Amino acid sequence: MLTIENVSKKFRAGNYGVRDLSLEVKSGVIGLLGPNGAGKTTLMQMIATITRPTSGRILFHGVDVTKRPNELRRKLGYLPQDFGVYDNLTATEFLSYFAALKGVRSKQRVMEMLESVNLHGVANRTVGGFSGGMKQRLGIAQALINDPELVIVDEPTAGLDPEERVRFRNVLSEIGFGKLVILSTHIVSDVESIATEIAVMKNGALLTMATPETMLRVCEGHVWQAVVASEQFDQLRTTLKISSAVRKPDGVHIRFVGPSPEIAATAAEPELEDAFLYLMNFGPTDQPVV
Amino acid sequence: MIASLLRVRAIVGADFRIRFRRVSTVIVFLLLSAFAYVWIPAPSTGRALIQINGQRAIYNSGAIGLGTGSLGMIFVGLFGYYVISNAIRRDVITRCGVVAASTPMRSGEYLLGKFLGNLAFLATFVCGFMLSSMVMLAVRGEARIEPLVFIEQYLLLTPSAIVFVSALAVLFESIPWLAGKLGDVVYFFVWMTVVGLVVGNEASHGSIHWTRCLDFTGFGFMIDQMQRTLQTHSISIGASDFDPTKAPILFPGLSLTREWVLPRLISLLSPLTLLPIAALFFHRFDPVRTRRVSGKGSRNWIGRIQNLFKPLSRRAVAFIMIPSRGGSFVGAIWTDAALTFTLFPLVFVAFVAITVVSLFAPLAAILPIVFAVLALIVSDVATRDARAGTTGSVRSISRLRENYVWWKLGSTCLLSFLLCAAPLIRTVVHGSLALAALICGILFVASTATALGVTTSNPKTFIVGFLTFWYVVVNDHGMNPMLDFAGFDGGASGTTIAVYGSIGVLAIGAGQLFYRVRLART
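Residues numbered from 1 in each chain as written. Chains lettered and ligands numbered in written order. Predicted model: local features only at pLDDT ≥ 70, side-chain atom pairs only at ≥ 80, totals over all residues. Heavy atoms only, no water.

This part takes up the overall build of chain B. Assigned secondary structure in chain B consists of 23 helices and 3 strands. Referenced to the eigenvectors of the C-alpha coordinate spread, the extents of chain B come out at roughly 70 × 65 × 45 Å. Per-residue burial for chain B yields a buried fraction of 53% across its 522 residues. Per element, the accessible surface of chain B, about 21,800 Å² overall, is 70% carbon and sulfur. Charge-centre separation for chain B: the mean point of 43 positive side chains lies 13 Å from the mean point of 22 negative side chains. (Helix = DSSP H or I, 4+ residues; strand = E, 2+ residues; numbered from the N terminus. Buried < 20%, exposed > 50% of the residue type's maximum accessible area, 1.4 Å probe, protein only. Areas by Shrake-Rupley, 256 points an atom, 1.4 Å probe, with all protein chains shown as cover. Lys, Arg positive; Asp, Glu negative; His and termini not counted. Charge placed at Lys NZ, Arg CZ, Asp CG, Glu CD.)

Our focus in this paragraph is the overall build of chain A. Within chain A one finds 10 helices and 14 strands. On C-alpha atoms alone, chain A measures out to a radius of gyration of 21 Å, which is about the 19 Å that the 2.2 N^0.38 rule sets for 290 residues. Judged by the C-alpha coordinates and their principal axes, chain A covers about 65 × 45 × 35 Å. For chain A, buried positions account for 54% of its 290 residues. For chain A, restricting intrachain contacts to residue pairs at least 6 apart in sequence, the fraction spanning at least 24 positions comes to 67%. Accessible area for chain A stands at about 12,800 Å²; split by element, carbon and sulfur atoms hold 47% of it. (Rg over C-alpha atoms; globule rule 2.2 N^0.38 Å. Contact = heavy atoms within 4.5 Å.)

The next thing to look at is the domain arrangement of chain B. Interface size is often expressed as the accessible area that is lost when the parts come together. All names here are of chain B. The domains assigned to chain B are domain 1 (2–290) and domain 2 (301–521). Taking only C-alpha atoms into account, the centre of domain 1 sits 29 Å from that of domain 2. Taken together, the contacts link 22 residues of domain 1 with 19 residues of domain 2. Between domain 1 and domain 2 the total buried area reaches about 1,700 Å² when both faces are included, carbon and sulfur atoms providing 79% of it. On the domain 1 side of the interface with domain 2, the three residues burying the most area are Phe35, Arg47 and Phe79, jointly 29% of the side's total. There are 2 residue pairs in polar contact (both at pLDDT 80 or more) connecting domain 1 and domain 2. At the level of secondary structure, the elements contributing two or more residues to the side of domain 1 that touches domain 2 comprise α2 (23–39), α3 (61–84), α8 (181–203) and β3 (235–241). The leading source of residues in the side of domain 1 that touches domain 2 is α2, at 9 residues. Its residues assigned to classes, the side of domain 1 that touches domain 2 shows 16 nonpolar, 3 polar and 3 charged. (Domains from an automatic or database assignment. Buried area = accessible area lost by both parts, 1.4 Å probe. Polar contact = N/O pair within 3.5 Å; in protein donor to acceptor, adjacent residues only side chain to side chain. Nonpolar A, V, L, I, M, F, W, Y, C, P; charged D, E, K, R; others polar.)

All names here are of chain B. Phe371 and Phe485 are the most contacted members of the largest nonpolar core, which has 223 residues in total. When residues in this core are grouped by element, the largest group, 15 residues, is from helix α7 (residues 147–174). With residues up to four places along the chain from it excluded, the contact list for Phe371 reads Leu438, Gly441, Ile442, Val445, Phe466, Phe485, Ala486 and Phe488. Counting 17 residues, the second largest nonpolar core, distinct from the first, contains Ala337, Tyr404, Cys413 and Tyr515. (Core = buried A, V, L, I, M, F, W, Y, C linked by side-chain atoms within 4.5 Å.)

With that out of the way, let us pick up the confidence of the model for chain B. Residues and elements named next belong to chain B. Overall, the prediction assigns chain B a mean pLDDT of 86, with 93% of residues at 70 or greater. Helix α13 (residues 301–320) is the least confidently modelled element of chain B, averaging 69 in pLDDT, while helix α11 (residues 274–281) averages 95, the highest of any element. Note on the complex model: pTM 0.81, ipTM 0.87. (pLDDT = per-residue confidence, 0-100.)

Glancing now at helix α1 (residues 40–47) of chain A. Given 3.6 residues to a turn, an α-helix orients residues that are three or four positions apart in the same direction. Most of α1 of chain A is tucked away, with 8 of its 8 residues classed as buried. Downstream of α1 of chain A by a residue or two, Thr49 of chain A has a phi angle that is positive, lying close to 60°.

Turning our eyes to something else, we now look at the domain arrangement of chain A. Residues and elements named next belong to chain A. Segmenting chain A into domains produces domain 1 (2–211) and domain 2 (217–282). The distance between the C-alpha centroids of domain 1 and domain 2 comes to 33 Å. Between domain 1 and domain 2, the residue contacts involve 11 residues of the former and 5 residues of the latter. Counting across the interface, domain 1 meets domain 2 through 0 salt bridges. Mapped onto the side of domain 1 that touches domain 2, the elements with two or more residues apiece are α7 (188–192), β9 (197–202) and β10 (205–210). (Salt bridge = Lys/Arg side-chain N within 4 Å of Asp/Glu carboxyl O.)

Another point: a negative patch on the surface. Residue and element names in this part refer to chain A. Negative charge collects at one region of the surface, where Glu192, Glu220, Glu269, Glu271 and Glu273 lie side by side. Looking at the secondary structure, you find Glu192 in helix α7. Its relative accessible area of 40% is what places Glu192 among the partly exposed residues. (Patch = residues over 30% accessible without salt bridge, like charges linked within 9 Å, V, L, I, M, F, W, Y side chains within 5 Å.)

As a further point, take the interface of chain A and chain B. Taken together, the 33 residues of chain A in the interface contact 30 residues of chain B. Both sides together, the interface formed by chain A and chain B hides about 2,700 Å², and carbon and sulfur atoms give 62% of it. Our enumeration of links across chain A and chain B arrives at 2 salt bridges. With a shortest N-O distance of 3.4 Å, Glu93 of chain A and Arg17 of chain B are connected by a salt bridge. The interface formed by chain A and chain B contains 9 residue pairs in polar contact (both at pLDDT 80 or more).

Turning our eyes to something else, we now look at the sheet that holds strand β8 (residues 180–185) of chain A. All names here are of chain A. Overall, mixed pairing links the 6 strands, which are arranged β6-β7-β8-β3-β9-β10 in an open sheet. Where the open sheet ends on each side, the last strands, each with one partner, are β6 (76–79) and β10. The mean inter-strand angle of the sheet, taken between neighbouring strand axes irrespective of direction, is 15°. Contacts between helix α8 (residues 212–219) and the sheet are confined to β9 and β10, with β9 contributing the most and set at about 60° to the helix. (Pairing = 2+ DSSP bridges. Axes fitted to C-alpha atoms, helices over the stretch in contact; angles between N-to-C directions.)

Residues and elements named next belong to chain A. Structurally, the position occupied by Lys202 is in strand β9. On a C-alpha basis, the gap between Lys202 and Asn281 in space is 10.0 Å, while along the polypeptide they are 79 residues apart. When residues no more than four places from it in sequence are discounted, the contact partners of Lys202 are Ala38, Leu207 and Met280. Looking at Lys202, its side chain comes within polar contact range of the main-chain oxygen of Met280, at 2.5 Å.

Residues and elements named next belong to chain A. In terms of residue burial, strand β13 (residues 251–257) counts as a mostly covered element, since 6 of its 7 residues are buried. Where strand β11 (residues 223–228) and β13 come together, 6 bridges link them in antiparallel fashion. By the bridge assignment for β13, Val227 is matched with His253. What sits between the antiparallel neighbours strand β12 (residues 241–248) and β13 is a turn of 2 residues.

It is worth spelling out the confidence of the model for chain A at this point. All names here are of chain A. For chain A, mean pLDDT is 89; residues scoring 70 or higher make up 98% of the total. Averaged pLDDT values for the elements of chain A fall to 82 in helix α6 (residues 162–175) and rise to 95 in helix α3 (residues 91–101). Scored below 50 in pLDDT, residues 285–290 shows 13 contacts in the model against residues more than four places distant or in partner chains.

Before going further, it helps to spend a moment on the packing of aromatic side chains. The geometry of an aromatic ring pair comes down to the distance between the two centres and the angle between the two planes. Residue and element names in this part refer to chain B. Evaluation of the coordinates by the stated rule reveals 40 aromatic pairs over all chains. Relative to Phe485, the ring of Phe469 has its centre 5.3 Å away and its plane inclined at 55°; by these criteria the two rings are tilted. Here Phe485 lies in the loop between α22 (459–476) and α23 (494–521) and Phe469 lies in helix α22, a separation of 16 residues in the sequence. Look at Phe469 and you get buried, because its relative accessible area is 7%. Ring pairing ties together the aromatic residues Phe371, Phe444, Phe462, Phe466, Phe469, Phe485, Phe488 and Tyr500, which thus form one cluster. Stacked on the ring of Tyr59, the Lys or Arg Arg56 has its end atom at 5.9 Å from the ring centre. (Phe/Tyr/Trp six-rings, centres within 6.5 Å; stacked < 30°, edge-to-face > 60°. Lys NZ or Arg CZ within 6 Å of the ring centre and 35° of its normal.)

Structure below.
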């Protein structure tokens, strides 16, 4: 469905937001993971035809969207990072506005979308009074109102409480059937349960693109757990790549990743968080690890 | 085609709702209507709205329609631009523009929608103003209302200004280096140049006919038609002295003569050519190109100039902050006042310039400029927390949550008195009344800026309202003591001081009430 061929985005200052990135995806939920500054947002903006790549092509159903962006825009739903609203409009008016921009004329569709995100009860309230979670739900409603084939969602759970984040994940999981959803985040748990494939970026490049199971397999044998004293933990924090640390009466229970343990530790079954941390620190930067 | 029209309609509709649901819009409208009342002097004062060969024009639909229509046109031209010139920027900041850019919406549709949105807003504003002026005519007029004559004056004067300002706002917002404060300054000079060109031509008996096609303001048309209708060049509009021994004259109003049809049509339609130019420059919310629009960082030219003066302003801030140590409420006032210098080092430059110039130049010449600069500076104080998103942090500080309005009033007053220190010292020699008038004027500016800032969170509300008022005051040249709110021309009386003092108190009271109600709701 979506093919990205050697896409780069070079900024005026000479730095690259995205460097020579290629990938191909069909349908499902693709988690785009990476630390802050990895280039996730830049990549998503290029796919969403907001900004043009400096080089490379982006093909959607074989059509080069850098040359014919409207071919994609008709079938696109996009929720940017830090999505804002017009405070003085009601939810219905706000959604109707974007529906009109996307060519959706049905008022019924607007009400259906508000119902699907559980905002029908506040349809006539001004969105300036909405909570962060409500605004994000309104954001996803506008992204889905034209029944898009490709949905791009950029860090949608930032600032949401745990309950809202779970709710959001469920919504994205549901819409992933038959569509392509690209969800970018630096929070592994956002994609853990819903992503069919995960792409990991670092410094503008694609480190790997694989299923969660494959990523976990790659990480096998490189995840360790140990119990250390508090004083030792403070020192180890600077030398080990620690993925979690829990203080208990018998000491600090740590999980860390690495090719081999540098302290007395036992092998642990990897989780996605570990795989991500391992890739960030030990994965190759020039060849994807699959 | 239909989809295109629906998209444009959606953009216009959204803009219209957003603007007219703002408190600031209502306030600006009320202020403008109040100024219309002030703009038209009562004949008993010896002054009239229109004076022709020493005779005053009777307050009929033609005269009042022309007078208020020209005020509406001045508002549109001088201030309307600043009111509407954030339509695209709003979409950048809210990131709704980025979403719009991901839809099949074309850039041309978007810009047309924004232009029509600007047009609809200004036209509605002017229509509302026209209706309130007609009500005023019913109250203060000296002849029965002739609605068609009244409306005709507005139709002849304001449409080209509305179209021109609407199109220019879209154009400037589309060009990155004109989208910010430089555009605001450039616009002012463009407007004044156009006015000067046209008025100058008509004053020299209209020998350069092509300038009539640039008569977006309608001033040239107004001057020419009045001279032809009244067969004289001795005309003045706006609070002019008249000879009470001469009989009043009936002014039938402006009408469109044949030689003006084409120029008025051209001045109405030619601004539309700015829209395709805007489309060439429009960024379509590409984040790389909108970074400048959102004013992030110090890359824009004003930011760079501010950075040049940062070392100096840092020293000034360190000095100002001395009394703020100790964590008291007064200390918090000093801190907030000092923040203005930190955020805008150019304020320090303004302070130095005002101080130096005040030592030498005549007070009557510099006070209006000082107050215009003061208004621009203090308008930020009561609005910056809401705009920066720091309201929550501020309200968590003890004493500031309940006393927010007094805190802002205190820091605005402190900043105002710091900036006006030199003029105040010089005014001492002019007597206690002059000093009291100046102090009252400063407090009036501080209290209204604070009240409007707390209420609307938009500095433009105060700036537009105050500068409109300031324009009327400056052009009055002290003839009407009740307008001399700060003693610019030495005409302020005890009554003037009492009136503006009372307005200041009422304004801050209203601001405090509004804040309390909003606080109780959260």
